[in-house]
Amino acid sequence: MFGLRLSKILAILILLMGIIHIIATFTPLIKTGLECLSLGALDAMVYMSLGCGMFLVLSGVLLFLLLGKVTQFKFLFVPVFLICGFLLVNGVLAVVYMLNNPFAWMVFALSLGVSI
């Protein structure tokens, strides 16, 4: 029971990290701090950043909803396993590409925690 509760808390934290990621995407745009990027590079950065944030939001919501049902419905183990696998890949790549970013390490730790 405690493990399920902890996993659901971690899923909510992953959801919150996604929301923070989406907000952080628009903060430099509001402050006009990305003049160094061309219009095409800016559009690509916004698209990829929003995609990553939405992935975290969707993963957190799905895990939160599915974790309580996985003991009752065994077939839900596969989608939960896939979501955790994709979260782990995302967490590892976040650390690889943003080694000095504490939020990358938080995403990695949350992904690892919910996967265990």
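Structure report, in brief. Values in this document were obtained by computation on a predicted structure and should not be read as measured data.

## Considerations on the nonpolar core
Reasoning step 1: Counting residues in each nonpolar core, the largest one holds 17 residues, and the members touching the most others are Ile14, Leu56, Leu63, Val80, Leu87 and Val114.
Reasoning step 2: Contributions of two or more residues to this core are made by α1 (2-30), α2 (39-67), α3 (77-97) and α4 (102-115).
Reasoning step 3: Sequence-distant contacts of Leu87, defined by excluding residues within four places in its chain, comprise Ile14, Phe55, Leu56, Ser59, Leu63, Ser111 and Val114.

## Digging into the side chain of Ser59
Reasoning step 1: Here Ser59 shows up in helix α2.
Reasoning step 2: Taking the relative accessible area as the measure of exposure, Ser59 reaches 4% and is therefore buried.
Reasoning step 3: Discounting chain neighbours no more than four positions away, the residues touching Ser59 are Ile83 and Leu87.

## A short note on the packing of aromatic side chains
Reasoning step 1: Across all of its chains, the model carries three aromatic pairs by this definition.
Reasoning step 2: Here the aromatic rings of Phe77 and Phe81 are separated by 5.9 Å at their centres, their planes lie at 25°, and the arrangement is stacked. Placement of the pair is Phe77 and Phe81 together in helix α3, with a separation of four residues, close to one helical turn.
Reasoning step 3: The exposure class of Phe81 is exposed, given its relative accessible area of 55%.
Reasoning step 4: Arranged with centres 6.3 Å apart and planes meeting at 90°, the rings of Trp105 and Phe108 form a pair that is edge-to-face. With Trp105 and Phe108 both in helix α4 and three residues apart, the pair spans about one turn of that helix.
Reasoning step 5: Classification of Trp105 as partly exposed rests on a relative accessible area of 40%.
Reasoning step 6: The class of Phe108 is partly exposed, set by a relative accessible area of 24%.
Reasoning step 7: Residue placement shows Lys8 over the ring face of Phe64; its charged tip is 4.7 Å from the ring centre.

Rules behind the numbers
- Residues numbered from 1 in each chain as written.
- Predicted model: local features only at pLDDT ≥ 70, side-chain atom pairs only at ≥ 80, totals over all residues.
- Heavy atoms only, no water.
- Core = buried A, V, L, I, M, F, W, Y, C linked by side-chain atoms within 4.5 Å.
- Buried < 20%, exposed > 50% of the residue type's maximum accessible area, 1.4 Å probe, protein only.
- Helix = DSSP H or I, 4+ residues; strand = E, 2+ residues; numbered from the N terminus.
- Contact = heavy atoms within 4.5 Å.
- Phe/Tyr/Trp six-rings, centres within 6.5 Å; stacked < 30°, edge-to-face > 60°.
- Lys NZ or Arg CZ within 6 Å of the ring centre and 35° of its normal.

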